[in-house]
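Each chain is listed here by its residues.
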Amino acid sequence: MDNLVEMLDELLKCARMDAKLKEELLATRQEKNPLTAFCAKCRELGYPVYDMDLAMAGEEFYAAIKRSTNGGGENSPVLEGEDDFYELFFASLEEK
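Residues numbered from 1 in each chain as written. Predicted model: local features only at pLDDT ≥ 70, side-chain atom pairs only at ≥ 80, totals over all residues. Heavy atoms only, no water.

Asks: Lay out the nonpolar core in plain terms, naming residues and giving numbers.
Replies: One finds Leu11, Leu25, Phe38, Val49, Leu54, Phe89 and Leu93 to be the most contacted residues of the largest nonpolar core, which totals 21 residues. Counting residues per element, the ones that place at least two in this core are α1 (2-17), α2 (19-27), α3 (34-44), α4 (51-68) and α5 (85-94). The leading source of residues in this core is α1, at six residues. Ignoring sequence-local partners within four residues, the contact set of Phe38 consists of Leu8, Leu11, Leu25, Thr28, Leu54, Tyr86, Phe89 and Phe90. (Core = buried A, V, L, I, M, F, W, Y, C linked by side-chain atoms within 4.5 Å. Buried < 20%, exposed > 50% of the residue type's maximum accessible area, 1.4 Å probe, protein only. Helix = DSSP H or I, 4+ residues; strand = E, 2+ residues; numbered from the N terminus. Contact = heavy atoms within 4.5 Å.)

Asks: Outline the packing of aromatic side chains, listing residues and values.
Replies: As enumerated under the stated definition, the model contains five aromatic pairs in all. With 5.1 Å between their ring centres and 70° between their planes, Tyr86 and Phe90 make a pair best called edge-to-face. Linking Tyr86 with Phe90, this pair stays in helix α5, spanning four residues, or about one helical turn. Considered together, Tyr86 and Phe90 belong to a single accessibility category, that of buried residues. What links up through ring pairs into an aromatic cluster is the set Phe38, Tyr86, Phe89 and Phe90. Over the aromatic face of Phe90 sits the side chain of Arg29, whose NZ or CZ is 4.4 Å from the ring centroid. (Phe/Tyr/Trp six-rings, centres within 6.5 Å; stacked < 30°, edge-to-face > 60°. Lys NZ or Arg CZ within 6 Å of the ring centre and 35° of its normal.)

Structure follows, in structure tokens:
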């Protein structure tokens, strides 16, 4: 998972410095399957990101947090959603 996070961070930095790249990444959100289009663009740019990588990274991160609180049982605190690295990437990209 760390590798995926590092790749997304690097891509985010590049997109913040390159307006064309930023627009290309944002344009993937208009595709019929935005996640697949985004991952394809990542791979085109040399970042081996796949749909399941993004989905599982968020799931694994959330599960680790749940396990770390009171043993992860039914009494674990409710967290505000799972970390969705795809959505977090775009939220960061769209920041001014």
